[in-house]
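A look at the structure
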Amino acid sequence: MRVRLGSADAGSPLSDAVLQRLEAAVGPDHVLVEGDAVDDAGHDWWPLTLVWDRQGDRPARPAAVVRPGSTEEVAAVLTAASAERTPVTAFGGRSGVCGGSLPVRGGISLDLTRLDEIVDIDSENLMCRTQAGVFGPDYEAALADAGLTGGHFPQSIDLSTVGGWIACRGAGQYSNRYGKIEDIVRGLEVVLADGRVLRTNPVPAAATGPDLMRPFVGSEGTLGIITEATMQVWPRPRATEKRAWSLGRFSDGLDVLRRTLRAGAHPACLRLYDGPESARSFSLPDDRNALVLLAEGEPDEVAWQVEVVHDLVGDTFDARTEDAALVDRWLEHRNDVSALHEVVARGIVVDTIEVSAPWSRLPGIYDAVQKDVLAVDKALVCTAHSSHAYPSGGCLYFTFAGMPDPDPEAVDAFYDACWDKAMAAVTGAGGAISHHHGIGLVRARFMQRELGETGMGVLSAMKAALDPHGILNPDKLGLGSILWQGRH
Ligand SMILES: Cc1cc2nc3c(=O)[nH]c(=O)nc-3n(C[C@H](O)[C@H](O)[C@H](O)COP(=O)(O)OP(=O)(O)OC[C@H]3O[C@@H](n4cnc5c(N)ncnc54)[C@H](O)[C@@H]3O)c2cc1C
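Residues numbered from 1 in each chain as written. Predicted model: local features only at pLDDT ≥ 70, side-chain atom pairs only at ≥ 80, totals over all residues.

**Let's talk about the overall build of the chain**
As a reminder, the rule being used: Think of it this way: any DSSP run of H or I at least four residues long counts as a helix, any run of E at least two long counts as a strand, and we number them from the N terminus. Between the two quantities, the radius of gyration covers C-alpha atoms and the globule rule is 2.2 Å times the number of residues to the power 0.38. In this scheme the burial state of a residue depends on its C-beta neighbours within 10 Å: 20 or more other such atoms mean buried, 12 or fewer mean exposed, and anything in between means partly exposed; the C-beta positions come from the backbone. Note on contacts: residues are paired as contacts if their backbone-placed C-beta atoms lie within 7 Å.
On a plain count of helices and strands, the chain comes out with 16 helices and 19 strands. At 22 Å, the chain has a C-alpha radius of gyration in line with the 23 Å of a compact globule built from 488 residues. In terms of overall dimensions, the chain has C-alpha extents of about 70 × 60 × 40 Å along its principal axes. Counting only residues that meet the buried cut, the chain has 53% of its 488 residues in that class. Within the chain, counting contacts between residues at least 6 apart in sequence, those at least 24 apart form 73% of the total.

**Remarks on the sheet that holds strand 10 (residues 225-232)**
Test applied: Here, strands pair whenever DSSP counts at least two bridges between them. For helices, the axis comes from a line fit to the C-alpha atoms of the stretch in contact; other axes are also lines fit to C-alpha atoms, and the angle between any two N-to-C directions lies between 0 and 180 degrees.
With antiparallel pairing, five strands are arranged side by side in an open sheet as 5-6-10-8-9. On the outer flanks of this sheet lie strand 5 (118-122) and strand 9 (197-199), each paired with one strand and no other. Taking the axes of each pair of neighbouring strands and ignoring which way they run, one obtains an average angle of 10 degrees across the sheet. In the sheet, strand 6 (residues 127-131) pairs with strand 10 via five bridges, with the strands oriented antiparallel. Opposite R129, over in strand 10, you have T230 as the bridge partner. Packed on one face of the sheet, helix 5 (residues 136-145) meets strand 5 and strand 6 and runs near 35 degrees to strand 5.

**Quick notes on the environment of H30**
With respect to the helices and strands, the residue H30 is situated in the loop between helix 1 (16-26) and strand 1 (31-32). Look at H30 and you get partly exposed, because 18 C-beta atoms sit within 10 Å. Spatially, the C-alpha atoms of H30 and A368 are 49 Å apart, while their sequence positions differ by 338 residues. With near-sequence residues (within four places) excluded, H30 lies in contact with V66 and R67.

**A word on the site of the ligand**
The criterion, for reference: Put plainly, near means the residue's C-beta atom, positioned from the backbone, lies within 6 Å of the molecule or strand in question. For the domains described, the bounds stem from an automatic or database domain assignment.
By nearness alone, 39 residues border the ligand, and G92, G100, G163, G164 and G170 come closest of all. Among the elements of the structure, strand 3 (88-91), helix 6 (162-168) and strand 10 are those that each provide at least two residues to the shell around the ligand. Both domain 1 (16-113) and domain 2 (118-235) contribute no fewer than three residues apiece to the shell around the ligand.

**A few points about the packing of helix 9 (residues 250-262) against helix 11 (residues 299-314)**
Put simply, the rule is: Working rule for angles: under 35 degrees goes down as roughly parallel, over 145 as roughly antiparallel, 65 to 115 as roughly perpendicular, anything else as oblique. Take the far helix as the reference: if the near one is turned anticlockwise from it by less than a right angle, the crossing is left-handed, and if turned clockwise, right-handed.
Here helix 9 crosses helix 11 at 140 degrees, and the two axes come no closer than 10 Å. As summarised for this structure, helix 9 and helix 11 are arranged oblique, according to the angle between their axes. Crossing of helix 9 against helix 11: the hand is right-handed. Between helix 9 and helix 11, the contacting residues are V256, R259 and T260 on the first element and V308, V309, L312 and V313 on the second.

**A look at the domain arrangement of the chain**
Here is the rule we go by: Each residue receives one of three labels: charged for Asp, Glu, Lys and Arg, nonpolar for Ala, Val, Leu, Ile, Met, Phe, Trp, Tyr, Cys and Pro, and polar for the others, Gly being one of them.
Domain boundaries assigned for the chain yield domain 1 (16-113), domain 2 (118-235), domain 3 (239-333) and domain 4 (339-437). Its residues assigned to classes, the side of domain 1 that touches domain 4 shows six nonpolar, one polar and two charged.

**Structural notes on unusual backbone geometry**
Positive phi, close to 60 degrees, is recorded for D318, a residue that is not glycine. Structurally, D318 is set in the loop between helix 11 and strand 15 (320-322). Under the C-beta neighbour-count criterion, D318 is labelled exposed, with 12 such atoms within 10 Å. At L477, a position not held by glycine, the phi torsion is positive, near 60 degrees. Position of L477 among the secondary structure elements: in the segment after helix 16 (447-466).

**Quick word on the pairing of strand 12 (residues 239-247)**
In regular strands, side chains alternate between the two faces of the sheet. Here strand 12 pairs with strand 14 (residues 289-297) via nine bridges, running antiparallel. Each bridged residue has a counterpart across the sheet, and for L247 the counterpart in strand 14 is N289. Bridge count between strand 12 and strand 15: three bridges; the pairing is antiparallel. Bridge pairing in strand 15 places S246 opposite R320.

**Things to note about helix 5**
Cut-off, in case you're wondering: The arc under discussion is defined with respect to the helix axis, by the directions toward the C-beta atoms.
Residues G136, Y139 and L143 constitute the buried set of helix 5. The buried residues of helix 5 occupy one face: seen down the axis, they fall within an arc of 70 degrees. Away from its buried face by more than 90 degrees, helix 5 exposes P137, A141, A144 and D145. Contacts made by the buried residues of helix 5 are with strand 5, strand 6, strand 7 (148-149) and helix 6. Note on helix 5: the residue one or two positions beyond its end, G147, has a positive phi of about 75 degrees.

**What about the environment of P404?**
By secondary structure assignment, the location of P404 is in the loop between strand 19 (393-402) and helix 15 (408-428). Measuring from C-alpha to C-alpha, the distance between P404 and L380 comes to 9.8 Å, with 24 residues separating the pair along the chain. Beyond its immediate chain neighbours, meaning those up to four positions away, P404 contacts V349, K378, A410, V411 and F414.

**Regarding the nonpolar core**
A general tendency of soluble globular proteins is for nonpolar side chains to be buried together. What counts, and what does not: Buried Ala, Val, Leu, Ile, Met, Phe, Trp, Tyr and Cys residues form a nonpolar core when they are connected through C-beta atoms within 7 Å.
Ranked by size, the top nonpolar core spans 139 residues in total, and within it V77, L291, I365 and A422 carry the most contacts. Counting residues per element, this core draws most heavily on helix 15, which supplies nine residues. When near neighbours in sequence (up to four residues on either side) are disregarded, A422 contacts I353, V369, D372, V373 and F398.

**Re the pairing of strand 14**
With nine of nine residues buried, strand 14 is to be regarded as a mostly interior element. The side-chain alternation of strand 14 yields two buried faces, one formed by N289, L291, L293, A295 and G297 and the other by A290, V292, L294 and E296.

**Some remarks on the sheet that holds strand 4 (residues 108-111)**
Spatial strand order, 1-2-4-3: four strands in an open sheet with mixed pairing. The open sheet has two edge strands with one neighbour each: strand 1 and strand 3. Pairing between strand 3 and strand 4: four bridges, direction parallel. Bridge pairing links A90 to L110 in strand 4.

**Some points on the environment of L459**
Within the fold, L459 resides in helix 16. The class of L459 is partly exposed, set by 19 C-beta atoms lying within 10 Å. Along the primary structure L459 and S12 are separated by 447 residues, whereas in three dimensions their C-alpha atoms are 29 Å apart. Ignoring sequence-local partners within four residues, the contact set of L459 consists of L451 and L479.

Below, the structure is given as structure tokens:
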């Protein structure tokens, strides 16, 4: 059984001296060296590792799970870890799909879910100060009680934390209206590798030199530990409208999205599904491309947004109006994540790849990724939808699946080939290799190509300045020697 992905040190025990320092920092009850918590910390929702699980392979194992209950305790843990050169891999909900929270060098898995307090809801200034370990439903429920919404609804909202959203630079399903998480976060409290605490001033805008908060948004636990965030919030919308159409060509649907955003309309959800996904999710014929709209806001604003999309669809060749119940169907099933485990249990290797690009390049990327991934031996499907739109471009979200021979090498080879093909097609067309899932391990080997040599050098320099001993989430973001390519 292969239990380690990284170095030979992964999973080796911490010295008594380190354990004593950790126990002094958070209390003995919150330093766990065995049991389910330790086993579970070696997993996230990286789909490939679900396959490994079935094959008896553990992706990684920390030496200890440490559960701090305050910023001061996080600082004390990092001070100790820094002094002892012990790796520290943060986690919130462990819903990441890229292996980001796997402790590939062992050491400490830092469980941030005891940081679960919503500190302040400021209705006047529309800001909410919250600890990082608050889960999505608790965050949204507290805001709803105050007549507000956080506007961030990832499909994984039940599984994920505010800190994880920020660390992965995620996107919610209503991002057309509320923005991605980097548009929503206003200020951060971050514990640095040496235990110092950085607090940025949560103001709506400033010109005080470079924004020191930004490097930590999307840093996936490699540059610092996010302990608190101040987030923009909104009054709850007073009106909601739903509509659905289908189009003859996916590229025509992309053009409707483009022209909607260009017209200045930002319906919370405007999602376009290709033929196979429209058949799978909405029982439409597989040559129809479903376009579902959910607009929310003030009644007049909502009516105008619906009118904009309605008119643009009306101008489109071979467009049909579909039952708005399609939107209800999407709403009912949108956060159901049970299917993945069932599919994996049938021996199917499956994953999703979300990318972004300017509008002019999206049709080419859609065609190229499908063609190249389907050319991989044993590939069965490669489908896509567009879930997030901006005036200058959008996101394509691919799902691929195949049935390679069940032996581990064949599974890994199939999986890697699909990723290689997709990433090459995206970077070749000038797209970004991730729109919201992040890099983690699965995309680490593509980072140099994505950022370029100088870009990678800048990221490495930031890492060296902020984490000189390299203790924070080693080997993620392409910042290390493990550039995932099969199990080693
Ligand atoms: C079914 C499913 C659907 C999903 N849908 C979406 C979606 O719609 N939109 C989307 O954006 N994502 C989605 N995801 C991916 C995932 O849920 C997000 O990336 C989420 O933001 C991760 O949050 P988490 O709390 O689970 O973080 P974790 O998985 O615990 O950690 C993710 C990364 O962030 C780091 N990290 C976590 N907390 C902190 C912290 N406080 N400080 C520093 N680093 C930290 C970890 O080290 C790791 O690198 C989905 C995942 C699943 C399984």
